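Chain by chain, the residues run as shown.
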Amino acid sequence: MTSSEELHKRRGAAVARGVGSVIPAYVATASGGTITDVDGREWIDFAAGIAVTNVGNSAPAVVEAVRAQVERFTHTCFMVAPYESYVAVCEQLNALTPGGFEKRSALFNSGAEAVENAVKIARHATGRPAVVVFDHAYHGRTNLTMALTAKNMPYKHRFGPFAGEIHRVPMSYPLRDGGLDGATAAARAIELVEKQVGAENVAALLIEPIQGEGGFVVPAPGFLPALREWATTAGVVFVADEIQTGFCRTGDWFACQHEGVEPDLITLAKGIAGGLPLAAVTGRAELMDAVHVGGLGGTYGGNPIACAAALAAIETMHELDLAGAARQIEAVLGARLRAIAARDPRIAEVRGRGAMLAVEIVVPGSLTPDPVATAAISAACHAAGLLTLTCGTYGNVLRFLPPLVISADELHRGLDILDAAFG
Ligand SMILES: Cc1ncc(COP(=O)(O)O)c(CNCCCC(=O)O)c1O
């Protein structure tokens, strides 16, 4: 088999350098919480393909469902010749997502595409142009989602001009906003919207219940409910971007459920289909159905193979109680992270929920971000066979996203490597 070194040389001559990779190892197989590369080296997986393989890599039910579907038909385009699995996925999403009201769903391919369509739907339904987003937000790499995303490098640099009518307000970031309580942080954001945009001009407020790429920022309790209440009063569509937090990742099926927040629209992707590319917008029927026939769609949206995978993945989440598994991972992972933080002054905060946890790394005795130390710790994990990811506006957050089916042995071996990497 070709070695990682040989593949890396070929890659340099074939793949645009803009597409990076965290490790220079090329995957041969993967299952559960372990990846094996073409050189036979095993990696304990604390990344899950960026919160995608919640049910594990090549989950048995997903493999079986995909195999059966691909032999029947691969693609007809739902807008041309529809098929049951697309409808069945929408029925599942309508039932599973927060909110007892009547819902509709539409399926797409990527998270960014889902976010784009949530904005389309909100603007169409309200007749308003403005979209409110938050500091540290991440929503994708298309033109509109770059405009919605906060961090310039690497996501936005030299890719403008960007779509208009996007308005950014402060996020609740307790470590860095002086510990504002949720209601106060929400009032600060709302005042800016009302004074600088005008609530009557706002189609949607778009927020990640726990921010992902921006640094696993967990808003103070009460922040999301206060924004939800304001949006209801102002006639603003409350859009929860649960692309990274969804499908049992945070210990609930969806992170909004932690504070009983019911979004008008919710964007979904990543964990939805066990690794197959699928995304969705699910929300209030009166909003989703406000769009004229033909106003939503795309060639591959809701591909039948991805839909078969999603139905199997959702069934697996139920059968294995993966929301409960995420809470069990939090108990072990969180305790170990707090023990490391107790001895290492570089860790300013341990935060997150379920199997979406992170540590923020600073210069000891300050809140000055230390991205260099963060990268060095992550590199030490990689050198010892633990696949970790960093994130954050300042590049100083080490994040942990293990598959929710990771075994206790894999989890503990990964934590031993992490512990040693902190020295
Ligand atoms: C909340 C939230 N919304 C939207 C998206 C975008 O989803 P796509 O499927 O990557 O388009 C994400 C994707 N996050 C990982 C992006 C990694 C990278 O591109 O460097 C997200 O987390």
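Residues numbered from 1 in each chain as written. Predicted model: local features only at pLDDT ≥ 70, side-chain atom pairs only at ≥ 80, totals over all residues. Heavy atoms only, no water.

- You'll find the protein entered in an unreviewed UniProt entry as (S)-3-amino-2-methylpropionate transaminase, with Micromonospora endophytica given as the organism.
- The UniProt entry for the protein carries this comment under Cofactor (unreviewed entry): "pyridoxal 5'-phosphate".
- The record held by UniProt for the protein lists under Sequence similarities (unreviewed entry) the comment "Belongs to the class-III pyridoxal-phosphate-dependent aminotransferase family." (UniProt positions renumbered as here; feature names shortened; annotations may be inferred.)

## Quick notes on the domain arrangement of the protein
- Once the domains are mapped, the protein shows domain 1 (3–58 + 321–422) and domain 2 (62–320).
- Between the C-alpha centres of domain 1 and domain 2 the distance comes to 25 Å.
- Contact with domain 1, which involves 42 residues of that partner, is made by 38 residues of domain 2.
- Interface area for domain 1 against domain 2, summed over the two sides, is near 3,100 Å², with a carbon-plus-sulfur share of 58%.
- Summed over the shared surface of domain 1 and domain 2, the number is two salt bridges.
- With its nearest N and O atoms 2.7 Å apart, the salt bridge here joins Arg176 to Glu360.
- Across the contact surface, domain 1 and domain 2 share 23 residue pairs in polar contact (both at pLDDT 80 or more). (Domains from an automatic or database assignment. Contact = heavy atoms within 4.5 Å. Buried area = accessible area lost by both parts, 1.4 Å probe. Salt bridge = Lys/Arg side-chain N within 4 Å of Asp/Glu carboxyl O. Polar contact = N/O pair within 3.5 Å; in protein donor to acceptor, adjacent residues only side chain to side chain.)

## A look at the sheet that holds strand β9 (residues 265–268)
- Sheet architecture is open: seven strands sit in the order β4-β10-β9-β8-β7-β5-β6, paired in mixed fashion. Lying at the two open borders of the sheet, with one neighbouring strand each, are β4 (103–108) and β6 (166–169). Mean inter-strand twist for the sheet, computed between neighbouring axes without regard to direction, equals 20 degrees.
- As judged from the four bridges shared by strand β7 (residues 202–207) and strand β8 (residues 237–241), these two strands associate in the parallel manner. The residue of β8 that forms the bridge with Ile207 is Ala240.
- Against the sheet, helix α4 (residues 84–96) engages β4, β9 and β10 (279–284), with an angle of about 130 degrees to β4.
- Against the sheet, helix α8 (residues 223–234) contacts β5 (130–134), β7 and β8, and its axis sits at roughly 170 degrees relative to β7. (Pairing = 2+ DSSP bridges. Helix = DSSP H or I, 4+ residues; strand = E, 2+ residues; numbered from the N terminus. Axes fitted to C-alpha atoms, helices over the stretch in contact; angles between N-to-C directions.)

## Focus: the site of the ligand
- Every one of the 15 residues lining the ligand counts as a neighbour, but Gly111, Ala112, Arg141, Asp241 and Gln244 are closest to it.
- Measuring from an oxygen atom of the ligand, one finds a side-chain N or O atom of Arg141 at 2.6 Å.
- Protein contact buries 82% of the 520 Å² of open area that the ligand shows by itself.
- Per-class residue counts for the shell around the ligand are five nonpolar, five polar and five charged. (Near = heavy atom within 4 Å. Areas by Shrake-Rupley, 256 points an atom, 1.4 Å probe, with all protein chains shown as cover. Nonpolar A, V, L, I, M, F, W, Y, C, P; charged D, E, K, R; others polar.)

## Let's talk about α4
- With 13 residues, α4 extends 18 Å between its outermost C-alpha atoms, agreeing within 8% with the 18 Å of an ideal straight helix rising 1.5 Å per residue.
- Taken together, the buried positions of α4 are occupied by Ser85, Tyr86, Ala88, Val89, Cys90, Leu93 and Leu96. (Expected span 1.5 Å × (residues − 1). Buried < 20%, exposed > 50% of the residue type's maximum accessible area, 1.4 Å probe, protein only.)

## Some thoughts on the layout of surface pockets
- As a volume, the second largest pocket reaches approximately 500 Å³.
- The wall of the second largest pocket is formed by 25 residues, among which Phe78, Tyr86, Ser105, Ala106 and Leu296 lie closest to the centre.
- Elements represented by at least two residues in the lining of the second largest pocket include exactly α4 and β4. (1 Å grid on protein atoms, 1.4 Å probe; cavity = no way out; pocket = protein on both sides within 12 Å on 5 of 7 lines; lining within 4 Å. Points joined across faces, edges and corners; volume = space filled by probe spheres on them.)

## Digging into the packing of α4 against helix α10 (residues 304–319)
- Here α4 crosses α10 at 35 degrees, and the two axes come no closer than 9 Å. Viewed along their axes, α4 and α10 form a crossing whose handedness is left-handed. Only Pro304, Cys307, Ala310, Leu311, Ile314 and His318 of α10 make contact with α4, whose side of the interface consists of Ser85, Tyr86, Ala88, Val89, Gln92, Leu93 and Leu96.
- Tallied by class, residues from the contact of α4 with α10 come to 10 nonpolar, three polar and no charged. (Left-handed = near helix turned anticlockwise from the far one by under 90°.)

## As for the pairing of β5
- Counted residue by residue, β5 has five buried out of five residues, so it is predominantly covered.
- Burial along β5 is two-sided: Ala130, Val132 and Phe134 facing one way and Val131 and Val133 facing the other are all buried.
- Two elements, β5 and β7, share three bridges in a ladder whose sense is parallel. Bridged to Val131 within β7 is Ala204.
- Bridge analysis of β5 against β6 gives four bridges, and the strand direction is parallel. Across the sheet, Val131 pairs through a bridge with Ile166, a residue of β6.
- In this view, the connection linking β5 to its parallel neighbour β6 by way of helix α6 (residues 143–148) has right-handed handedness. (Right-handed = clockwise from strand over helix to strand, strands pointing away.)

## Topic: the side chain of Gln244
- Here Gln244 lies in the loop between β8 and β9.
- You can call Gln244 buried: its relative accessible area is 7%.
- Looking at Gln244, its side chain comes within polar contact range of the side chain of Glu213, at 3.0 Å.
- With near-sequence residues (within four places) excluded, Gln244 lies in contact with Ile50, Ala51, Gly212, Glu213, Phe216, Arg249, Lys270, Met356, Arg399 and Leu401.

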